[in-house]
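Chain and residue survey
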Amino acid sequence: MEIGKPKPKKISKEAFPEILKERMSRREALSTGAKIGIAAAIAAIVAGVGGYFGGVSTAPTRVATQTITQPAQTITQEAQTITQTVIKTETLAAQTVTQTITQPAQTITVTQIITGTPAKVPVPSEPLRFGVMGFQTGSFAPASIAGMNAARIWADWVNQAGGILGRKVELIFEDETGPVDVRKERFTKLTVEKKVDAIIGTTATSTGLAFGPLAEQLQQIWISWDATTQQGLEETLPNPTYAFKSINNEAESVAGAVLTARFFPDIRTVAGINDDYSYGRNNLEAFMAILKRFNPKVELVKELWPKPEGTDYTSEIATLKATKADLIHSSFWSGHATIFIRQANAVGLFKDSKAALVTAGGVLPTLKKDFTPEGLLIGCNSWYFLEPRGWPLREAFVNEYVKRYNEFPVYECDHAFFSFQAYKAAVERAYEIKGSWPTKEEIAKQLTQVTVPSLSGYRSFREDHVMLTSFWQGLSKHSPDYDFIILDPVISVPPEKLQPPPGMKFHDWVKTWA
Amino acid sequence: MALLEPSTITILVLTGIFSSSIIFLISAGLQIVFGIQRILNLTVGSFYAIGAYVGITFINFFLKMGFSVVYGLLFLILAGLSLSFLGPTIERGVLNFVYKKEEAFQLLATFGLVLIFEDMIKLIWGSYPQISDFGILTYGEFRFLDTSFPVYYFLVIISAFLIAFLLEFFIKKTRQGKKMRSVADDIEMSEGLGVKVRNIYILSFTIGTVLGTLAGALIIPVTAAVLGMGIEAIVLAFAVVVIAGLGSMRGALLASLIVGLLQAFITFIFPELTTFVIYLIVIAVLLIKPTGLMGKEI
Amino acid sequence: MGLLEVLEVTKYYGDFKALDNVDLKINRDERISIIGPNGAGKTTLLNLISGLLKPTRGKIILEGKNITNMSPSERCKLGIVKSFQIPSYFPNLTTLDNLKVALISSLGKSKNFLKSYQQDEEINNLSERALEVFGLYERRNFLAKDLPHGDKKLLDVASAFALRPKLILLDEPTSGVSIKEKRDLMGTIMSALKEMEISSLILVEHDMDIVFNYSSRVVVLHNGKILDDSSPELVKANKEVASVMFGS
Amino acid sequence: MKKILSGNLFFTLILIALLALVPYIAPPFYVYLTLTSLAYIPVVIGFNILFGYTGLLSFGHGLFLALGMYTTAFLMRNYTMENLEVLILASALSAFIVGLGVGYICVKYTRIYFALLTLAFGMVFYTLLIKFTPITGGDEGLRITFKPLLLGLDFRYLPHLDFLFQPYYYYVLGIVIILTVLAYIIVSSHFGLSLKAIKENSEKAEALGINIKRFRLYSFVISAIYTSIGGALLAHITSHVTPIFSYWTTSGEIVFMTLLGGFTNFFGPIIGVFVYTLLRDFIMSTIIYWRILFGAALLLIIIFVPGGISEGLIRIYKHFKGA
């Protein structure tokens, strides 16, 4: 059986409130001035796969696969075209990069021998259960809690719209705090005791390393918001089935380096202050590697590695001040970013030095105007709450979030929202193909096939289970509308500029930079 | 290794002394309780954290009421002092029951309190870092050798020294202070002389509490209040009292200066050693002079 | 024959001179009492001999061997054992186990990791016999902390005796005990000495009746120096001693 | 005395029988919790030899837990050592060496000074683990990528949880029984009595000829070895080791488990491990403010039943027997 008819990707109409149904065409995205519009037309819908899934669902997976001849897949991929357009707006300083990614229409041809006819089985009536894990306490908590709040909003919206294929969703929260063995214990509990359909969340890189293999061992879908390191990608999970990971750690600094070269072309000396763990070390290394491609004379004059659980940087800041570097690089991303900026501002560090705080936007609402000067390069990871303009989902979400939690949302909300959205789309897609409720493995297979609207626009997973996203970074600015800083100009760096393509090592990738 | 220019040295010395002032207040709180009650009071870290959170709440409240930001320091001190009620509450409510138990149990009882306070803070203030509207540059800047410092740093340093002198005066010269010293020396004898040990315990624990909450309140214009800051403070204060010698107030002053300055200079000269150096000093002191620099013979 | 020699021993506590150039020679089978007013240095001298303190200057020789720098446990193995002025025992062990600790140590069995001390017949027999000698057998299963004061004293002395020392140091064995009980206590100790064949004894004691009744030699300490050292009769007659001791 | 011994024996046999049945009767997650608890038993027994029997409170026992885990992970990754028996022996050996060194320094002090010194050593080890990334994997730690051979038998064909819940469970149970019996023999031996004497009154013990420093060192080393073996067993359950196991909060947890169960009774800490694990699971799933309950529980235990659950049980038993 051969199917090659491209069909527009389907988003269930009933299952979502109004705003989510709005799809932005490429033209609309451009016209509304959205910084990124992944107007993706993932075509490729495969009717024959249904038979394959149908066969699987009637018997245990392993037995079934023995009776089925594996389908031959032919994937034709057109060359990607990436167009970047720089539009100058009225203010010279306010530069905006708008870029469009024309994603190729994928044609997937699947030939398959059908061994059974799919039987339409009714959807189970009990709710879909999600385990949501994040830090309830400690210095990582602000980001985690924002993500968990976003999960609540998503769940409420979905349930209002009737659930996923009619099944209500239910969130079960677990604390990520504690040693790795306790975290693994919580993961195991959610899987074998609470029997959740997927585990979504997790913030710390050490969690990521531990959960990746565990998810495969327990055959549990795990979508991580934030817990990914280079080592984690290369070593622990070469070919994951159930584990889905966030973007590389050092992407923040890759984007930061590109924009540093652009905003601060004259800097010569850099001093780094990063947490003394792999996240911090990877970031400084990546930052310097990329920055040197633009500006080979740049020199790293000081590296400071305060302990991650630290809350006082007085000594470090004194050292930075005494070092008199042109630029300070830091990947502080949670409560300690606030503390660092405040303490540094107190002794006038930012008067003498520029700064690239590549992840400080993770706690943007705490960076108050009275201690955060204008002109710092601030990174907001995958999402900045004022962008993309004119994207109705973002507006609706920000309003809802402020109403509920009396604070402004940060990037982790986008990762969380995307993770849930992707899961929902994957279930719907698999169901459509199979004709009955899909297994975890079948859902996992579809997760890389869907592109869904999230807070920052359309997002998807790469075939190696890594999130694709743009990063938003910009210079801090004081606005009368907010008591904290906003970013202006703000620039979004596209996914392919953030991390190496699948299978390529980071350092080989850096060499490809012109 | 960068050269130590005069301006560099100034920066390092000043920040070192500033850190020392805060460390001193916290460790003085540990010392006075250990000196009188013989309990190593881990809770002092929690008092530090609570002082910071309450300080923020206080100052934001007063600023909203329309008070001038110039009185900021006063509000902070007020916030620190207002928490003194925690002293008698905990002393009577918890410690009272563990005086007769082994040292290990006393230590663990205060550890239990630390756990409770940690989550109480989360319950009340949430897990986002809390920030006050009281900017550190309210009192202006001080320029010296082509570098500048907030005047607030000096106010904190002066406050810490003032408190050190007041404590010294209180313990050495006043009636209550003399009673405290006699209890520290010999409880039974003091009781025989009509000193109410109970009251002295309450007094000393309250002083210990207020020292912690004051330190927390004073630090907030400089930083944000975050979860875990209490535990961080305990570890440092611990190191200081071990170096100082348990119970010695002057030792605490000396050791705070050593730790604060050393941290500043080590961070500049050998940044990789920063996390190590405190523990190495602690081990070295315990090996060479286990009673600390100014501790009494055990 | 000389058992223990204290040679020119001086001990300072800070600036305070507790012992000043003390020389003392103790022979086998001697029962020496050390007397003197409070602060004369009696307990200091005893602690120097047992090893709890180290002298500022001077030497301590046991059977020709210099033991000045040895720890109490090493001296204990060589045969010097001390009982404490304030009775010292293991409060949460039974009376019997208190004795067993001493016996296990004296028989060099304390490094035996695998043998149950409950089932060691040799230890059981010896400890029970020792308790009988001291009249504590009835209370063998009491926790030491629950014993009456006099029995605590006896238990302390008994565990010292159980080590079968060459020289035993008794620091005020009768302090805190009523006058009537004192006699019984000393009687028990003296008969135990015979029973357990311990012949050399240094006793620090305030009760002069006990001193003169039970000693073969009396040493008088005053302000850290030896004022007199001779037989009980001669010391009794020494006027200077009387004035120091009784202020008359 | 005989009666109590037989009581203990009875209790032990019941416990072993129950534990052996757990994989058949309990829901999978509780098998997992029981397995984790089993691996912690040598840890608390080791800790209690030092604390309950020698009177030394270590606030840095996480060091030895982490040592056992890292030794295991290191040997498996770099030398593909597969036999669990060899890994356990290697962990014991590394604990012996490190315990001897650290113990030699620490046992010079007692009471609060000992607690502070062990705390400092634990934190130094923690910092070392983070700094020496090439060997230790830094903050990310080391992952164990394959299953060990149990008594030379290869169970690698089993899925992860099946491996843990069947062969590995019984293997751990066996090792734990052997270690527990051995520990019981040690604390009831001549040596054990001498340790108790040192705890009760070290001055008197020294006067009776016991070399207290050396005995404290023996106790320290035995304790380190037990804790490290616990770490080696735990490593295969977590299959990932990180520096947090050496952090002072982990050491605090070990203290907490022991106190919860009761340090005055040999079996107390074992009860403590099970109750702690179940309680933590229950509380963490119920409320996010679980530290308040834990802190309060700690205070209540210290104030009212310093002997922990085991003392509480004995009190109740006596009450009903007396009534």
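Residues numbered from 1 in each chain as written. Chains lettered and ligands numbered in written order. Predicted model: local features only at pLDDT ≥ 70, side-chain atom pairs only at ≥ 80, totals over all residues. Heavy atoms only, no water.

**Description of empty space enclosed by the protein**
Applying the stated criterion to the full structure yields 16 cavities of 30 Å³ or more. There is about 560 Å³ of room inside the second largest cavity. What lines the second largest cavity is a set of 32 residues, among which A:Lys307, A:Asp312, B:Glu232, B:Leu236 and B:Gln263 lie closest to the centre. Where the lining of the second largest cavity is concerned, the elements lending two or more residues are helix H11 (314–323) of chain A together with helix H1 (6–37), helix H10 (229–244), helix H11 (249–269) and helix H12 (274–288) of chain B. Residue contributions to the lining of the second largest cavity peak at 6 residues, all from H10(B). (1 Å grid on protein atoms, 1.4 Å probe; cavity = no way out; pocket = protein on both sides within 12 Å on 5 of 7 lines; lining within 4 Å. Points joined across faces, edges and corners; volume = space filled by probe spheres on them. Helix = DSSP H or I, 4+ residues; strand = E, 2+ residues; numbered from the N terminus.)

**Re the confidence of the model for chain C**
In this model, chain C carries an average pLDDT of 84, and 98% of its residues clear a pLDDT of 70 or more. Both confidence scores are given for the complex: pTM 0.80, ipTM 0.76. (pLDDT = per-residue confidence, 0-100.)

**Considering the interface of chain D and chain C**
Contacts between the two partners involve 27 residues from chain D, matched on the other side by 37 residues from chain C. Summed over both sides, the interface between chain D and chain C buries roughly 2,700 Å², with carbon and sulfur atoms accounting for 65% of that surface. Contact with chain C buries area across many residues of chain D, yet D:His190, D:Leu193 and D:Leu208 alone supply 28% of it, more than any other trio. The tally of links between chain D and chain C comes to 1 salt bridge. (Contact = heavy atoms within 4.5 Å. Buried area = accessible area lost by both parts, 1.4 Å probe. Salt bridge = Lys/Arg side-chain N within 4 Å of Asp/Glu carboxyl O.)

**Things to note about the packing of H1(B) against helix H7 (residues 175–185) of chain B**
Residues and elements named next belong to chain B. At a closest axis distance of 7 Å, the pairing of H1 and H7 adopts a crossing angle of 60°. In this view, H1 runs oblique relative to H7, as classed from their interaxial angle. Residue-level contacts link Ile32, Gly35 and Ile36 of H1 to Met180, Val183 and Ala184 of H7. In the contact of H1 with H7, the residues fall into 5 nonpolar, 1 polar and no charged. (Axes fitted to C-alpha atoms, helices over the stretch in contact; angles between N-to-C directions. Parallel < 35°, antiparallel > 145°, perpendicular 65-115°, else oblique. Nonpolar A, V, L, I, M, F, W, Y, C, P; charged D, E, K, R; others polar.)

**Quick notes on the interface of chain B and chain A**
Of the residues lining the interface, 43 residues belong to chain B; the matching set on chain A comes to 41 residues. Inspection of the chain B/chain A interface yields 0 salt bridges. Where chain B meets chain A, there are 7 residue pairs in polar contact (both at pLDDT 80 or more). For the side of chain B that touches chain A, the secondary-structure elements that each account for two or more residues are H1, strand S2 (147–150), H10, H11 and H12 of chain B. Counting residues per element, the side of chain B that touches chain A draws most heavily on H1(B), at 7 residues. (Polar contact = N/O pair within 3.5 Å; in protein donor to acceptor, adjacent residues only side chain to side chain.)

**Focus: a nonpolar patch on the surface**
Residue and element names in this part refer to chain B. Residues Phe61, Met65, Phe67, Tyr71 and Leu74 make up a contiguous nonpolar surface patch of about 540 Å² in total accessible area. With respect to the secondary-structure elements, Met65 resides in the loop between helix H2 (43–64) and helix H3 (72–82). When its relative accessible area of 53% is taken as the criterion, Met65 is described as exposed. (Patch = residues over 30% accessible without salt bridge, like charges linked within 9 Å, V, L, I, M, F, W, Y side chains within 5 Å. Areas by Shrake-Rupley, 256 points an atom, 1.4 Å probe, with all protein chains shown as cover. Buried < 20%, exposed > 50% of the residue type's maximum accessible area, 1.4 Å probe, protein only.)

**Section: the pattern of salt bridges**
Inspection of the entire model under this criterion finds 37 salt bridges over all chains. A:Glu428 is the partner of A:Lys424 in a salt bridge, and the nearest nitrogen-oxygen pair spans 3.1 Å. Of the two residues, A:Lys424 and A:Glu428 both sit in helix H15 (residues 411–434), 4 residues apart, roughly one turn of that helix. We note that A:Lys424, like A:Glu428, is buried. Between A:Asp464 and A:Arg462 there is a salt bridge, and its shortest N-O distance comes to 2.9 Å. Among the residues examined, A:Arg462 registers a relative accessible area of 11% and is labelled buried. What emerges from the salt-bridge pattern is a single network uniting A:Glu174, A:Glu185, A:Arg186, A:Lys189, D:Arg280 and D:Asp281.

**Section: the pairing of strand S9 (residues 198–201) of chain A**
Residue and element names in this part refer to chain A. Alternating positions in S9 separate into two faces, Ala198 and Ile200 on one and Ile199 and Gly201 on the other, with burial throughout. With 4 bridges connecting them, strand S7 (residues 128–134) and S9 associate as parallel partners. Looking at S9, one finds that Phe130 is bridged to Ala198. Across 3 bridges, S9 lies against strand S10 (residues 222–224) in parallel orientation. Each residue of the ladder has a partner; that of Ile199, found in S10, is Trp222. (Pairing = 2+ DSSP bridges.)

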